[in-house]
Amino acid sequence: MGCSTAYHLTKNGCQDVILLERAKLTCGTTWHSAAQVRQLRSTESLTRLVQKSVNLYSNLEKETGQATGWKETGSLSIANNQDRLTHIRRQASLSRAFGIGAEEITVKKAAEKWPLMRNDDLLGAVYSPSDGRVNPSDVCAALVKASKSRGLTVIEDTPVTGISTKNGWVTSIQTSKGEISCEKIVNCAGIWGRQVAGMAGVAAPLHACEHFYLLTEIINSINGPLPTLSDHDGHLYLRDEGGGLLIGCFEPKAKSLDLEKIPPDFAFELLPEDWSHIEPILTNAVYRVPELEKIGVKKLLNGPESFTPDDNFLLGESPELRGFYLGCGMCSVGIACGGGAGSALAEWVIEGEPSMDLWPVDIRRFAKVQNSIRTLRERSSETLSLHYAVSFPGRQYKTARNLRLSPLHSRLEKAGAVFSAQMGWERPWWFNPKGISTHPELSFEKPGWFFLHAQEHEAARKSVVLIDQSTFGKLIVQGRDAEKFLQRLCANDISSAHDRVVYSPMLNNHGGYESDLTIMCLDEDRFLLITGTGQPVRDHNWITRNIKPEEFVSVTDITGEYAVISVAGPNSRKLLNLASPDDFSNEGFSYFTHRNVEIGPGIVRAARLSYTGELGWELYVPSESAIPVFDTLNEYGSDLGLKLAGMEALRSLRIEKGFRAWGHEIGPYDTPFEAGMGFSVKLNKKVSFLGKEALVKQKKKGIKRSLVMLTAKDSEAHAHGGEPIWLNDKLAGHTTSGTFGHSVGCTVMMGYINCLDTKLEKTLSNGNFEVEIACRRFAAQASLEAPYDPKGVVLEK
Ligand SMILES: Cc1cc2nc3c(=O)[nH]c(=O)nc-3n(C[C@H](O)[C@H](O)[C@H](O)COP(=O)(O)OP(=O)(O)OC[C@H]3O[C@@H](n4cnc5c(N)ncnc54)[C@H](O)[C@@H]3O)c2cc1C
């Protein structure tokens, strides 16, 4: 990561770059990597990064004259059960959306590509011809050679020992040989990344694990390079190496590794062998390649590698310290992603942002609490163990849970909540009614608990539900310039926020979303900003870094101080009328307004809006009043068909209604016009706002891609987001969200299609749309309107 970042920094004109290395370059994890470069991933960001790596590695020798060991051997993924087949087919579909060209092939063809492989149990396979492998030390040598010719200084045998800061910015770095003044530091310290970040008071949630592969003696029947074979359910991958096989693994019970167990001068070293640990994997390997029974093992290699709480690495500028960047915690894809990730990181350093949406690896997706050593130790071994697991929608980790609990947690647990986690928070996923005990069994199709969230969904549409949304991020922006400042940052006009709730995008210079929030003015110069559960660190960071020195504004994250109880459904008004002396009529409390009200014994701020797409209110309740208010609502709701609802029901409610979600429909490279959210942009407001110039230009030129709603009637079309969209037999884009819409009775998706706005209407009415799910195309109906209540009739009654 250090070499790749230095290469891209110097390539982009930075001439004063120093690469500091504790011992010798590559001596940490890189030198002993198995170094597969496999482009089939489960997210767009990772797929694109590996694609960039492939481009880099395959051209580096031409550029530098230094061999990199790049071999385009292809990769082969096999499936011996239906879920795995769906998993690899979904990856092949995703890769197709980005021009990688992976294809499903028959078992017979797979066997021809890998003659040593047992194949009588296989259901199918996917072959990705442009994947390959490198020699990782040679890649680094080539990157450094090119960088040195452009001005890079490499200083080896020089550990970083400290980091100095002033006014929230990096000022210098201390080393064993002295201090270097600098404005920017990029932390690419691998398994030591958390330690180095700690020198600057910065969180870098990663932890080392022991990571294994073994090398066999020569196998005479191997002649020539084999594609890398991934037998995910055997927890292993295999490829030729030195005339024998390299067999690597992601074992189901991995071992985390405390850094104290590694000597400070650990370089080009390995960890002790552990044969009993690797035994079950060997058994799986012999099953898959029976010839191994007769072949000896030359070496068992155990090396350290870092893993993060969600199996995605850490990239970007730290939210705690300006000028301090992270490129570490590579989760065993540091070679595959290293080329692309280093390129993105260099852009981040030079331009202040990468040129693509990298939210899944952005360091700001974590809360501070996720950086505790106990949490990381527990979680990292599970992360490694699940690296090859089927990527079922909604998969949850079992370790390091219950880090952040809503004030209502005990009540929700008692009511049968099954929890899912985000940013350390536990959130009700769905509720098990008395006598029913479903558990998070997962599926690409309809899981066993499908009927339960269907009932919650129905209650939201037909009676009334309570949804605990306490995990929403809550920021207070205050100070005498707060309003002026927010007007500058928000694309909507917030001057009406005193009594109205204002929904607004916050945009970057190129008109893309940095966030979308609801804003309420609480007092003169004091605003409450409500944002998504995963967004408060990012938003806090974005808002504070945009305050000008002359602006008198402060930002405080008060997420934990308030619970949020959403009351939604046609009976929500009746319920609030029973629980409160205040006026909730349409005239007395109109759509998108807010004010303080009494609910039972509590005084809460109520805002009339609901992410369910139904009549509803969000109640912002001081944490200490959360239980009394919740109990009151439950008590009065019993005669109104009240149900508790969880996140899965909310997801299908919001998708059916066409409500966009951060990280899905909107991100830094989606503009409000493209997202169909032009209503939330006020180009004519008096104060100019960030991103306006780009939007004005875009409006003039017209847009080339648009978010559309799609529905598919086929009962086998199980969409979850990331599926290619075909238009008249040509790839046109991919979906961003997908679910079963219980009210409309079919699969509902959102996604972007590439299409000039001038042709959009005609295309939508005449085009032949299909969505590709796990290599199978399903007919779809496309529209700009949401399938449920497109005119918002039920909202404003
Ligand atoms: C067994 C095994 C198999 C693998 N197979 C693959 C694979 O097939 N494909 C793939 O993509 N990835 C694979 N990986 C993972 C991949 O090798 C790593 O993700 C990658 O090498 C990490 O690179 P890095 O630059 O982040 O870390 P490192 O290579 O560890 O580099 C970090 C550097 O920082 C230096 N450093 C640390 N502290 C300091 C300090 N205080 N001051 C100065 N310097 C410091 C260290 O000395 C080290 O050289 C594998 C890993 C293992 C262990």
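Look above for the structure.
Residues numbered from 1 in each chain as written. Predicted model: local features only at pLDDT ≥ 70, side-chain atom pairs only at ≥ 80, totals over all residues. Heavy atoms only, no water.

Caption draft 1: Representation of the nonpolar core in the model. Among the nonpolar cores identified, the biggest contains 44 residues, and V37, Y57, F313, L315 and L358 are the most heavily contacted of them. Counting only elements with at least two residues in this core, the list comes to α1 (2-11), α2 (44-64), α5 (136-148) and α8 (334-351). Of the residues forming this core, the biggest block, 9 residues, is contributed by α8. Sequence-distant contacts of L315, that is, excluding residues within four places in its chain, are made with M1, L326, G327, A341, A344, L345, W348, L358, V361, D362 and I363. In terms of nonpolar packing, the next biggest core, distinct from the first, is built from 35 residues, V501, Y591, A607 and M677 among them. (Core = buried A, V, L, I, M, F, W, Y, C linked by side-chain atoms within 4.5 Å. Buried < 20%, exposed > 50% of the residue type's maximum accessible area, 1.4 Å probe, protein only. Helix = DSSP H or I, 4+ residues; strand = E, 2+ residues; numbered from the N terminus. Contact = heavy atoms within 4.5 Å.)

Caption draft 2: Local environment of the sheet that holds strand β18 (residues 324-328). Strand order across the open sheet formed by 3 strands is β11-β18-β17, with mixed pairing between neighbours. Sheet topology places β11 (185-187) and β17 (314-317) at the edges, where each strand pairs with a single neighbour. For this sheet, the mean inter-axis angle between neighbouring strands, taken without regard to orientation, is 20°. In this sheet, β18 lies alongside β17 in antiparallel orientation, the contact comprising 4 bridges. Bridge pairing in β18 links L315 to G327. (Pairing = 2+ DSSP bridges. Axes fitted to C-alpha atoms, helices over the stretch in contact; angles between N-to-C directions.)

Caption draft 3: Main features of the packing of aromatic side chains. Tallying each qualifying case throughout the model produces 15 aromatic pairs. Summarising the aromatic geometry, the rings of F250 and Y388 are spaced 4.7 Å apart at their centres and angled 45° between planes, so their arrangement reads as tilted. Here the residue F250 occupies a position in the loop between β15 (244-249) and α7 (275-288), and Y388 occupies one in the loop between α9 (373-385) and α10 (409-414), the gap between them amounting to 138 residues. As far as burial versus exposure is concerned, F250 and Y388 are alike and both buried. Ring geometry for F584 and F589: centres 5.6 Å apart, planes at 15°, overall stacked. Cluster of aromatic residues (ring-pair linked, three or more members): Y237, F250 and Y388. (Phe/Tyr/Trp six-rings, centres within 6.5 Å; stacked < 30°, edge-to-face > 60°.)

Caption draft 4: Representation of the site of the ligand. Around the ligand, a shell composed of 33 residues is seen, among which E21, T30, Q36, E305 and A336 lie nearest. Take A34: an N or O atom from its main chain is 3.3 Å from a nitrogen atom of the ligand. Within the complex, 95% of the 1000 Å² of free accessible area of the ligand lies under protein. For the shell around the ligand, the secondary-structure elements that each account for two or more residues are β12 (207-216), β16 (297-307) and α8. Of all the elements, β16 adds the most residues to the shell around the ligand, at 4 residues. Looking at the shell around the ligand residue by residue, the class counts come to 19 nonpolar, 11 polar and 3 charged. (Near = heavy atom within 4 Å. Polar contact = N/O pair within 3.5 Å; in protein donor to acceptor, adjacent residues only side chain to side chain. Areas by Shrake-Rupley, 256 points an atom, 1.4 Å probe, with all protein chains shown as cover. Nonpolar A, V, L, I, M, F, W, Y, C, P; charged D, E, K, R; others polar.)

Caption draft 5: Molecular detail of the pairing of strand β33 (residues 724-727). Across the two faces of β33 the burial is the same, with P724 and W726 and I725 and L727 all buried. Examined bridge by bridge, β33 and strand β34 (residues 730-741) share 4 bridges and lie antiparallel to one another. Within β34, the position partnered with L727 by the bridge is K730. Taking the residues that link successive antiparallel strands as the turn, the β33-β34 hairpin has 2 residues, and the phi of N728 there is positive, at about 45°. One ladder, built from 3 bridges, connects β33 with strand β36 (residues 769-773); its direction is antiparallel. Each residue of the ladder has a partner; that of W726, found in β36, is E770.

Caption draft 6: Looking closely at the packing of α2 against α8. Following both chains from N to C, one finds α2 and α8 inclined at 100°, their axes separated by 6 Å at the closest point. With respect to α8, the element α2 is oriented roughly perpendicular. On the side of α2, the interface is formed by L46, L49, V50, K52, S53, L56 and Y57, while α8 contributes I335, A336, C337, G338, G339, G340, A341, S343, A344 and E347. By residue class, the composition of the contact of α2 with α8 is 10 nonpolar, 5 polar and 2 charged. (Parallel < 35°, antiparallel > 145°, perpendicular 65-115°, else oblique.)

Functional significance is not addressed by these values, which are geometric in nature.
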